[in-house]
Amino acid sequence: MSRIETKCIQEGWKPKSAEPRRMPIYQSTTFAYEDCFSMAQYFELKSSDHIYTRISNPSFEAVEAKITAMQGGVGTMITGSGMSATFAAVVNIAHAGQNIVCSSEVYGGTFNLFNKTLPELGIETRFFTPADSDEYIETLIDQNTRLIFGETLSNPSLSVFDTERYAALAHKHNIPLMMDNTFPTPVKCNPFDFGCDIIVHATTKYMDGHAAAMGGAVIDSGNFNWKASGKFPELCTPDESYHGVVYCEDFGNAAYIAKCRAHIMRDIGMTPSPFNAFLLDLGLDTLALRMDRHCENGQAVAEYLSKHPKIKTVNYPSLKDNKYYDLCMKYMPKGTCGVVSFEIEGGREAAVEFMEKLKIGKIMTHVADSCTCVLHPASTTHRQLSDQQLIDCGISPSMVRMSVGIEHIDDILEDLENALK
Ligand SMILES: *Cc1c(COP(=O)(O)O)cnc(C)c1O
């Protein structure tokens, strides 16, 4: 079962004889035991049976297995939202007094988490832009740097993260590369193939795909050698809260994801609901099919807009004249996603007027699901940013972000045509 289209459907829940074909929703907070010993085993991390849904649940386990099969790696932990996945992934290995190094072209929520909330907890974030040299980025890395972070395809500026370049920089300093792979999904890009060590997803977006369920995922490639790096005692020395478990020894190359669940999920509880896990599993069945259509429609919209006189610039990485075209062909040769951003002649007012005239394209704080929608980043998702921060994030005041859905392309293009008139 090596092809992604098949994995989307066949991996994860595997019914035994006469069990339900569809993954059941285990809507229960807790699990009953017949003896005290079996349950006590969990508290020593010697059993992976389920005891309490804050930490694990059979519905989560099935979706997690499907996502691991799709993206690769040694294990997945799903969470209640994309933001909580990113938070868990970072604080699993970064603590007060330490720092992380991050691309400035990231999702607005991630930017704020890294720029405000983490510093309040004592974790500093040092931002770089895609234009910065390796030498400059290396000046940001010191003994207390724990990871480099970036987005495969940034939301909303759609720049392509040069994964191999940043993986080499991270590994030179014995730290992992962590990436948010939300936009291309496991169907269109596998950063693990290019040296990325940890992946996070907002499954809220294409993976659920129907604007129905919030969710996130953290995936461990199993490739980073925490022990050899010498920088991660939390994974390589005894954890007193589990009677001296040493994650690197007890869980081998799945140490990171084991700790993420046993420690961060246990203590913070960013748990999804079993029902949302079911919706995610259902959504994943058609992910490959949907992504093909999103990319086809996205490309058609980008090409249409780039020929339109009222459009100043169009940003879609697989357009031949896009500055990320070569990187796009390297990392995402089979397509990127359905998100296209563009600037309209006439500035902020023209952008707003255009958006309000669209009929199919709804104005929503969302991207990446089956229906076409539009958003004005400067006045919404990135509202809290200063003008300089906006420029660093690759956003202009007249930029519109359009998430092209899977409706018929002729209807989408007609809608654009009418609104631009
Ligand atoms: C939406 C999004 C997130 C946050 O996900 P939520 O489920 O909304 O918390 C993180 N990263 C990217 C790239 C996103 O688009």
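A brief look at the structure comes next. Quantities reported herein were computed from a predicted structural model and do not represent experimental measurements. (Residues numbered from 1 in each chain as written. Predicted model: local features only at pLDDT ≥ 70, side-chain atom pairs only at ≥ 80, totals over all residues. Heavy atoms only, no water.)

### So, the environment of Asn315
Note the following rule: In DSSP terms, a helix is any run of H or I states spanning at least four residues, a strand is any run of E spanning at least two, and both are numbered starting from the N terminus. Distance and chemistry together define a polar contact, namely a pair of N or O atoms within 3.5 Å, with one atom able to donate a hydrogen and the other to accept it when in protein, and with adjacent residues in sequence counting only for side-chain atoms on both sides.
Relative to the assigned elements, Asn315 resides in strand β8 (residues 311-315). Along the backbone, Asn315 and Phe342 are 27 residues apart, and their C-alpha atoms lie at a distance of 5.7 Å. At a separation of 2.4 Å, a polar atom in the side chain of Asn315 contacts the main-chain carbonyl oxygen of Ser157.

### Brief notes about the packing of aromatic side chains
Between two aromatic rings, the relevant description is the distance of the centres plus the angle of the planes. Put simply, the rule is: Stacked, tilted and edge-to-face are the three classes applied to pairs of Phe, Tyr and Trp rings, where Trp contributes its six-membered ring and a pair requires centres within 6.5 Å; stacked means planes under 30 degrees apart, edge-to-face means over 60, and tilted covers the rest. For the exposure calls, accessible area comes from a 1.4 Å probe over protein chains only, and a residue counts as buried if that area is under 20% of its type's maximum, exposed if over 50%, partly exposed in between.
Enumeration according to the criterion identifies twelve aromatic pairs in this entry. Seen from their ring centres, Phe342 and Phe354 are 5.8 Å apart, and the 80 degrees between their planes marks the pair as edge-to-face. One end of the pair, Phe342, is in strand β9 (residues 339-344); the other, Phe354, is in helix α16 (residues 347-357), with twelve residues separating them in the sequence. The residues Phe342 and Phe354 share a single accessibility class, namely buried.

### Some words on helix α12 (residues 255-268)
Basically, it comes down to this: Working rule for helices: expected span equals 1.5 Å times residues minus one. Axes are fitted to the seven residues ending at a residue and to the seven starting at it; the angle between these axes is taken as the bend at that residue.
With 14 residues, α12 ought to run about 20 Å at 1.5 Å a step, and its terminal C-alpha atoms sit 19 Å apart, in line with that. At Arg261, α12 shows its strongest bend, of approximately 25 degrees. For α12, the buried fraction is high: eleven of the 14 residues fall into the buried class. Residues of α12 that are buried include every one of Ala255, Tyr256, Ile257, Ala258, Lys259, Cys260, Arg261, Ala262, Ile264, Met265 and Arg266, and no others. Gly269 sits one or two positions beyond α12 and adopts a positive phi of about 70 degrees.

### Description of the sheet that holds strand β3 (residues 124-128)
Rule in force here: When DSSP finds at least two bridges between two strands, those strands are taken to pair. Axis geometry follows a simple rule: fit a line to the C-alpha atoms, using only the stretch in contact for helices, then measure angles between N-to-C directions, giving values from 0 to 180 degrees.
The strand order across the open sheet built from seven strands is β1-β7-β6-β5-β4-β2-β3, with neighbouring strands paired in mixed fashion. Of all strands in the sheet, those bounded by a partner on one side alone are β1 (75-79) and β3. Here the average twist between neighbouring strands, direction ignored, is 20 degrees. As judged from the five bridges shared by strand β6 (residues 198-202) and strand β7 (residues 216-220), these two strands associate in the antiparallel manner. Counterpart to Val200 in the pairing with β7 is Val218.

### Concerning the sheet that holds β8
In plain terms, the rule: The contact criterion used is simple: two residues touch if any of their non-hydrogen atoms lie within 4.5 Å.
Reading across from one edge, β8-β9-β12-β11-β10 is the order of the five strands in this open sheet, with mixed pairing throughout. Since the sheet does not close on itself, it has two edges, and those belong to β8 and β10 (362-363), each with one partner. Where β9 and strand β12 (residues 399-403) come together, five bridges link them in antiparallel fashion. Paired with Ser341 across the two strands is Arg401, which belongs to β12. Across the sheet, α16 is in contact with β9, β10, β11 (373-375) and β12; its angle to β9 comes to roughly 130 degrees.

Keep in mind these numbers describe shape, not what the thing actually does.
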